[in-house]
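Structural features, examined
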Amino acid sequence: MYAFISGKIVEKSPTYVVVDNNGIGYLINITLNTFTAIGEKEETRLYTHEQILEDAHNLFGFASQKERDLFELLISVSGVGCNTARLILSSLTVNELSNAIANDDVKTIQAVKGIGVKTAQRIVIDLKDKLKKSDFQTEIFDTPNNTIKAEALSALTILGFSKAAIEKALDRLLKQMPDATVETLIKEALKVL
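Residues numbered from 1 in each chain as written. Predicted model: local features only at pLDDT ≥ 70, side-chain atom pairs only at ≥ 80, totals over all residues. Heavy atoms only, no water.

What follows is about the overall build of the protein chain. From N to C terminus, the protein chain includes nine helices and five strands. Expected size for 193 residues packed as a compact globule is a radius of gyration near 16 Å; at 16 Å, the protein chain falls within 12% of this value. Its C-alpha atoms put the protein chain at 45 × 40 × 35 Å along the principal axes. Out of the 193 residues belonging to the protein chain, those deemed buried represent 47%. Put simply, the protein chain shows about 10000 Å² of open surface, and 48% of that area lies on carbon and sulfur atoms. Here the protein chain carries 22 positive and 25 negative side-chain charges, and the mean point of each set is 7 Å from the other. (Helix = DSSP H or I, 4+ residues; strand = E, 2+ residues; numbered from the N terminus. Rg over C-alpha atoms; globule rule 2.2 N^0.38 Å. Buried < 20%, exposed > 50% of the residue type's maximum accessible area, 1.4 Å probe, protein only. Areas by Shrake-Rupley, 256 points an atom, 1.4 Å probe, with all protein chains shown as cover. Lys, Arg positive; Asp, Glu negative; His and termini not counted. Charge placed at Lys NZ, Arg CZ, Asp CG, Glu CD.)

Structure follows, in structure tokens:
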């Protein structure tokens with residue numbers, strides 16, 4: 001229904017933003033890569049995908065059309081829903097995921113927390129030919145220099161992990177990488193949770 005939504009960012013976290021568009025606040029679920037791309041901007045344009053369920057209407061937003069297109073390809077795979085696709089695109093960039101699919105690199109996809117061998121294989125098998133027909137070029141997102149444990153904790157909690165396990169993982173990671181960004185913390189935590 002909505003191709004994109006632009007407007008002023010009213011609220012932002014690693015998992016969602018609220019965008020004010022002409023007085024209407026849209027809560028839009030985002031990936032970590034989109035969060036990174038937004039950075040410190042006050043206004044944004046997010047390319048959207050709307051999920052309509054019996055009890056909810058959810059918007060998923062992406063910094064680029066390619067990320068949205070890859071998200072939509074992922075959810076076309078049997079067993080991969082919107083939240084799983086968002087988790088995959090939070091752990092891997094568009095370039096990393098499209099290269100993994102193109103090169104039959106099941107292990108890279110399987111490295112995403114919660115993705116098993118069969119799901120990773122299904123993603124590669126179902127999407128390899130579709131990606132060849134599409135135009136997926138390298139996309140590199142800039143990383144902001146601020147890091148806040150609370151943001152990482154909030155994002156991982158929303159993704160469904162237990163708070164105690166998240167705090168333990170984040171504390172261990174912060175000792176190893178004291179200057180890590182929120183995105184790095186979350187990506188590394190996803191590997192160990």
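Counted under the stated rule, the structure contains three salt bridges. Across the pair aspartate 104 and lysine 128 runs a salt bridge, and its minimum N-O distance is 2.8 Å. Of this pair, aspartate 104 sits in the loop between α4 (94–102) and α5 (106–110) while lysine 128 sits in helix α6 (residues 117–133); the two residues are 24 residues apart in sequence, bridging distant segments of the chain. By relative accessible area, which is 44% here, aspartate 104 ends up partly exposed. Residue glutamate 188 is joined to lysine 191 by a salt bridge in which the shortest nitrogen-to-oxygen separation is 3.3 Å. (Salt bridge = Lys/Arg side-chain N within 4 Å of Asp/Glu carboxyl O.)

Backbone hydrogen bonds are what pair the strands of a sheet, in a parallel or an antiparallel way. With mixed pairing, the five strands of this closed barrel are ordered in space as β1-β2-β3-β5-β4. With direction set aside, neighbouring strand axes in the sheet form an average angle of 55°. Alignment of strand β3 (residues 24–30) against strand β5 (residues 57–62), held across three bridges, turns out to be parallel. When the bridges of β5 are listed, isoleucine 28 appears paired with leucine 59. Contacting β4 (43–52) and β5, helix α2 (residues 65–75) crosses the sheet at an angle of about 15° to β4. On the sheet, helix α3 (residues 82–91) packs against β3, β4 and β5 and is oriented at approximately 20° with respect to β5. (Pairing = 2+ DSSP bridges. Axes fitted to C-alpha atoms, helices over the stretch in contact; angles between N-to-C directions. Contact = heavy atoms within 4.5 Å.)

Summarising the element assignment, threonine 31 is placed in the loop between β3 and α1 (32–38). A relative accessible area of 0% places threonine 31 in the buried class. At 2.6 Å, the side chain of threonine 31 and the side chain of glutamate 67 are in polar contact. Beyond its immediate sequence surroundings of up to four residues, threonine 31 is in contact with Pro14, Gly61, Phe62, Glu67, Arg86, Leu89 and Ser90. (Polar contact = N/O pair within 3.5 Å; in protein donor to acceptor, adjacent residues only side chain to side chain.)

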